[in-house]
Amino acid sequence: MCENCVHDDVRIGPTRRSLIHLTVSALGLALGGAAFAKESRPPKPQNVLSPDASLKRLMEGNARYVDGVSRRHDFKHEREALAGGQNPFAAVLGCADSRIAPEYAFDTGRGDLFVCRVAGNFAGTETIASLEYAVAVLGAPLILVLGHDACGAVDATLKALKNDKPLPGHIPSLVEAIAPAAKAAMQKAATQQGGDVLDKAIRQNVIDNVAKLKSAAPILNAAVEQGKLKIVGGIYRLTTGTVDLIAQG
C-alpha cells in the first residue's frame, strides 16, 4: 500500500464515537465553551447532576411552585457567580405563550435552566442547534419538552387544517411544524370516542418532539445512548401550575 493510501485510511477510519468526540470538541471551540468544559469549579456546583437527579429537582421545584412556597433566590450573588460562565442543570423547550414561564414553574434561579421558546414548542433546526450547545458545551443532562393546555399555536394549526385556509405572514411555518401531531389527533378523534382533539394534539406534539430530539444526530442521540442525557415531555396545566410528565421512556 502506498504512503498516500495509508494516510487516506487514517483519515477516514475514526470510529463513530471518535467522530462524535471530535464534533463535540469542535463545537465547544467554535462557541467558546472549551474553557468551560475544562472548568474544575463550575459557577453553580449544585447544578452538576445526573439526568435522573435533574428531573427530580425539576419536579420538586414545580411542587413548590404549585404549593405557593417558592424559594427566595439570591439574584445578586448569582449574577456575580455566573458572570464568567454557566452550567444549567436542565434545558427546556417550551412554548412562547406569555402564561408559561419555566423559571417560575420549576422554582429555579438564574443559570439553572437553558430555555428555548417558540410558539408550539417544536424542535426546528435552530432550536435543535441551541439544545446541542446546551448538552455538548454546557453539559446539561436533561431536556424537557414542555407543552401546555389551550395552546394557541396547536389550536390554530387544527383550525387551519380543518378549514384549509392559509394563515397570514410567517404563521404557516408554525402550522407546518405542528401539522403532523394535529393530523394524528384528528385521526384518533375520528376513530375513538371521547377526548378533546386539542388536548390530544397538544400531547402528541410533545411526544413527537421528544422523539425528534432523541434521534437528532450526532450529538443528542449519542448523549442519550451513553446515558449522559435524558429527554422527556411534560404538559403544563394553566389552572394549577402542575407539570404532568409524559414520554419518559
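As the structure is a prediction and not an experimental result, all values here were calculated from the model.

Draft legend 1. A look at unusual backbone geometry. In this model, Ala-217 is joined to Pro-218 through a cis peptide bond whose omega is 0 degrees. Topologically, Pro-218 is positioned in the loop between α10 (197-214) and α11 (220-225). Notably, Asp-164 is not glycine yet its phi reads approximately 50 degrees, a positive angle. Within the secondary structure layout, Asp-164 lies in the loop between α8 (152-163) and α9 (171-191). At Ala-247, a residue that is not glycine, the phi angle is positive and equals roughly 50 degrees.

Draft legend 2. Local environment of α8. Here α8 spans 16 Å end to end across 12 residues, near enough to the 16 Å set by a 1.5 Å rise per residue. Those residues of α8 that sit buried are Ala-153, Val-154, Thr-157, Leu-158 and Ala-160. Down the axis of α8, the sector holding all buried residues measures 165 degrees, keeping them to one side. α8 presents Lys-162 and Asn-163 as exposed residues on the side facing more than 90 degrees away from its buried surface. Buried residues along α8 sit in contact with α9 and α10.

Draft legend 3. Focus on helix α7 (residues 125-136). Helix length check: α7, at 12 residues, gives a terminal C-alpha distance of 16 Å against a target of 16 Å (1.5 Å per residue), a fit within 8%. Three or more residues of α7 are buried, namely Thr-127, Ile-128, Leu-131, Glu-132, Tyr-133, Ala-134 and Val-135.

Draft legend 4. Looking closely at the sheet that holds strand β5 (residues 243-246). Taken together, the five strands give an open sheet; going across it, the order is β2-β1-β3-β4-β5, and neighbouring strands pair in mixed fashion. The open sheet has two edge strands with one neighbour each: β2 (113-117) and β5. Here the strands of the sheet are splayed against their neighbours by 25 degrees on average, with no regard to which way each runs. Note: strand β1 (residues 90-94) against β2, five bridges, orientation parallel. Along β2, the bridge assignment pairs Val-92 with Val-115.

Draft legend 5. Structural context of the packing of aromatic side chains. Enumeration over the complete set of coordinates arrives at one aromatic pair. Here the aromatic rings of Phe-114 and Tyr-133 are separated by 6.1 Å at their centres, their planes lie at 45 degrees, and the arrangement is tilted. Here Tyr-133 lies in helix α7 and Phe-114 lies in strand β2, a separation of 19 residues in the sequence. No difference in accessibility class separates Phe-114 from Tyr-133, as the two residues are buried.

Draft legend 6. Broad picture of the side chain of Asn-209. Inspection of the secondary structure puts Asn-209 in helix α10. Aside from chain neighbours lying at most four places away, what touches Asn-209 is Asn-121, Phe-122, Ala-123 and Val-145.

Draft legend 7. Structural detail: the confidence of the model for the chain. Per-chain confidence: the chain averages 87 in pLDDT, with 83% of residues scoring 70 or above. Confidence drops under a pLDDT of 50 for residues 1-14, and excluding neighbours within four residues, the segment shows one contact in the predicted structure. Contacts from residues 29-39, a stretch scored under 50 in pLDDT, to residues over four places away or in other chains number 10 contacts.

Draft legend 8. Focus on the pattern of salt bridges. On inspection of all chains with the given rule, the structure shows 11 salt bridges. Linking Lys-44 and Asp-112 is a salt bridge whose minimum nitrogen-to-oxygen distance equals 2.9 Å. Taken together, the residues span a long stretch of sequence, with Lys-44 in the loop between α3 (34-37) and α4 (51-67) and Asp-112 in the loop between α6 (102-105) and β2 at a distance of 68 residues. The exposure classification of Lys-44 matches that of Asp-112, with both residues buried.

Draft legend 9. Molecular detail of the layout of surface pockets. Each pocket or cavity is described by its volume, and for the second largest pocket that value is around 150 Å³. In terms of lining residues, the second largest pocket is bounded by Tyr-65, Ser-70, Arg-71, His-73, Phe-75, Glu-103, Tyr-104, Asp-107, Thr-108, Gly-109 and Arg-110. In the lining of the second largest pocket, the residues fall into three nonpolar, four polar and four charged.

Draft legend 10. Geometry of the packing of α9 against α10. At their nearest, the axes of α9 and α10 sit 8 Å apart, and the two run at 135 degrees to each other. Considered as vectors, α9 and α10 are oriented oblique to each other. Seen from above, α9 lies across α10 with right-handed handedness. The residues of α10 that touch α9, namely those facing Ile-178, Pro-180, Ala-181, Ala-182, Ala-184, Ala-185, Met-186, Lys-188 and Ala-189, are Val-197, Lys-200, Ala-201, Gln-204, Asn-205 and Asp-208. Of the residues in the contact of α9 with α10, the class split is 10 nonpolar, two polar and three charged.

Analysis parameters
- Residues numbered from 1 in each chain as written.
- Predicted model: local features only at pLDDT ≥ 70, side-chain atom pairs only at ≥ 80, totals over all residues.
- Heavy atoms only, no water.
- Helix = DSSP H or I, 4+ residues; strand = E, 2+ residues; numbered from the N terminus.
- Expected span 1.5 Å × (residues − 1).
- Buried < 20%, exposed > 50% of the residue type's maximum accessible area, 1.4 Å probe, protein only.
- Arc of directions from axis to C-beta.
- Contact = heavy atoms within 4.5 Å.
- Pairing = 2+ DSSP bridges.
- Axes fitted to C-alpha atoms, helices over the stretch in contact; angles between N-to-C directions.
- Phe/Tyr/Trp six-rings, centres within 6.5 Å; stacked < 30°, edge-to-face > 60°.
- pLDDT = per-residue confidence, 0-100.
- Salt bridge = Lys/Arg side-chain N within 4 Å of Asp/Glu carboxyl O.
- 1 Å grid on protein atoms, 1.4 Å probe; cavity = no way out; pocket = protein on both sides within 12 Å on 5 of 7 lines; lining within 4 Å.
- Points joined across faces, edges and corners; volume = space filled by probe spheres on them.
- Nonpolar A, V, L, I, M, F, W, Y, C, P; charged D, E, K, R; others polar.
- Parallel < 35°, antiparallel > 145°, perpendicular 65-115°, else oblique.
- Left-handed = near helix turned anticlockwise from the far one by under 90°.

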